[in-house]
Amino acid sequence: MKTISENASFQGTQGVYSHASTSCRCDMTFGLFLPEEAKQGPVPLLWFLSGLTCTHENAMTKAGAQAWAAEHGIAVVFPDTSPRGEEVSDDDAYDLGKGAGFYVNATQDPWRPHFQMWDYIADELPALLSETFALEMSRQAICGHSMGGHGALTLAMNLPGRFTSVSAFAPIANPTSSDWGRKQLSAYLGADEETWGKHDATLLMAEKGFDGPVLIDQGANDQFLDLLKPEALAAALVKRRQNGVFRMQPGYDHSYFFISSFMEDHVAFHADALYAD
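Overview of the structure. Keep in mind it's a predicted model, so treat the numbers as computed, not measured.

**Remarks on the overall build of the protein chain**
Then step 1. Assigned secondary structure in the protein chain consists of nine helices and nine strands.
Then step 2. The principal-axis extent of the C-alpha atoms belonging to the protein chain is close to 50 × 45 × 35 Å.
Then step 3. Here the protein chain holds 277 residues, and 60% of them are scored as buried.
Then step 4. Expressed as a percentage of contacts within the protein chain between residues at least 6 apart in sequence, the contacts between residues at least 24 apart total 73%.
Then step 5. When the accessible area of the protein chain is evaluated, it comes to approximately 11,200 Å², of which 48% is carbon and sulfur surface.

**So, the pairing of strand β8 (residues 214–219)**
Then step 1. Of all six residues that make up β8, six are buried, and the element is covered over most of its length.
Then step 2. Residue alternation in β8 divides its side chains into two sets, V214, I216 and Q218 and L215, D217 and G219, and both sets are buried.
Then step 3. Looking at chain direction, strand β7 (residues 166–169) and β8 are connected through four bridges and run parallel. Paired with S167 across the two strands is L215, which belongs to β8.
Then step 4. Sheet analysis places β8 next to strand β9 (residues 244–249), joined by six bridges and oriented parallel. Following the sheet pairing, V214 is matched in β9 by G244.

**Quick notes on helix α2 (residues 65–72)**
Residue pairs spaced three or four apart in an α-helix point in one direction, given the helix's 3.6 residues per turn.
Then step 1. For α2, the complete set of buried residues consists of A65, Q66, A69 and A70. Down the axis of α2, the buried set is contained in an arc of 125 degrees. They therefore lie on one face.
Then step 2. Where α2 terminates, the next one or two residues include G73, which has phi positive at roughly 70 degrees.

**Considerations on the state of the cysteines**
Then step 1. According to the stated counting rule, one finds zero disulfides in the structure shown.
Then step 2. Among the cysteines around C24, which has no disulfide bond, C26 carries the closest sulfur, lying 5.3 Å off.

**Re the packing of aromatic side chains**
Working definition: an aromatic ring pair is given by the centre-to-centre distance plus the angle between the planes.
Then step 1. Inspection of every chain in the model, using the stated rule, returns eleven aromatic pairs.
Then step 2. On the basis of an interplanar angle of 55 degrees and a centroid distance of 5.1 Å, the ring pair of Y17 and F133 is categorised as tilted. On the criterion of sequence distance, the pair formed by Y17 in strand β2 (residues 12–21) and F133 in the loop between α3 (117–132) and β6 (135–145) is long-range, its members being 116 residues apart.
Then step 3. Both rings, one in W180 and one in F224, keep their centres 4.8 Å apart while their planes meet at 40 degrees; by these two values the pair is tilted. Of this pair, W180 sits in helix α5 (residues 179–189) while F224 sits in the loop between β8 and α7 (225–228), and the two are 44 residues apart along the sequence.
Then step 4. Given a relative accessible area of 4%, W180 falls into the buried group.
Then step 5. Taking relative accessible area as the criterion, F224 reaches 26% and is therefore assigned partly exposed.
Then step 6. Grouping aromatic residues by their ring pairs yields a cluster made of F169, Y252, F258 and F262.
Then step 7. Its end group placed over the ring of W118, K198 keeps NZ or CZ at 4.6 Å from the ring centre.

Conventions we followed
- Residues numbered from 1 in each chain as written.
- Predicted model: local features only at pLDDT ≥ 70, side-chain atom pairs only at ≥ 80, totals over all residues.
- Heavy atoms only, no water.
- Helix = DSSP H or I, 4+ residues; strand = E, 2+ residues; numbered from the N terminus.
- Buried < 20%, exposed > 50% of the residue type's maximum accessible area, 1.4 Å probe, protein only.
- Contact = heavy atoms within 4.5 Å.
- Areas by Shrake-Rupley, 256 points an atom, 1.4 Å probe, with all protein chains shown as cover.
- Pairing = 2+ DSSP bridges.
- Arc of directions from axis to C-beta.
- Disulfide = S-S within 2.5 Å.
- Phe/Tyr/Trp six-rings, centres within 6.5 Å; stacked < 30°, edge-to-face > 60°.
- Lys NZ or Arg CZ within 6 Å of the ring centre and 35° of its normal.

Worth remembering: the numbers are spatial, not functional.
In structure tokens:
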């Protein structure tokens with residue numbers, strides 16, 4: 001692992017690191033904020049998964065998570081959204097290929113050799129973090145925005161017991177019924193739609209739900225509402241009687257101005273769950 005940068009932040013450290021990924025078969029970069037408490041011993045970990053076109057840097061610099069994480073003594077990891085490099089396949093469209101890994105393991109060419117983002121987020125990066133930093137891996141929570149909200153919700157529901165809590169900002173909530181989903185799932189996973197179900201938060205909520213609290217914030221003025229389909233997830237939450245809160249926020253769009261406005265709420269929500277016992 002290589003240290004790209006480390007900067008003092010709210011009495012803690014905001015680092016950026018790279019490593020050779022065995023899952024994605026390329027170098028991967030991630031950001032990690034460690035609060036001051038990590039100097040004394042392991043601290044809980046909050047994951048923030050970013051959306052389409054983003055790298056590790058977008059949320060790290062725009063979400064404002066560090067101030068609130070420092071207040072609660074929580075680390076925050078900001079992974080990249082896809083594999084990178086000259087040998088990694090890409091597409092001319094912004095919503096497929098680099099920056100658009102969709103947090104799945106691709107089974108179709110030309111994506112299969114590198115686009116193994118599920119394994120990277122679920123297995124490889126947690127192992128690296130556990131080995132390298134002062135993190136209490138028995139206490140993890142997960143959050144995400146847009147495509148990253150989709151990833152956070154699907155990982156949380158498919159990995160019971162891993163995360164104490166899950167939250168999302170404007171998640172792609174029903175990708176099997178949206179152009180932000182059908183295009184990518186068919187490209188990465190193939191035409192058999194039965195393989196898509198584990199990557200649809202609405203279907204997973206209806207089938208199994210989540211074994212902890214859920215928080216969803218959606219901007220009412222989001223320019224991508226028709227693609228996100230929040231109403232489908234909200235209906236599934238209610239039908240399942242899930243321990244969760246869905247908030248439609250008047251006037252807010254899809255941007256990081258929206259995320260930073262409610263980041264304090266999300267970190268506090270996860271802190272309550274992480275320190276519950």
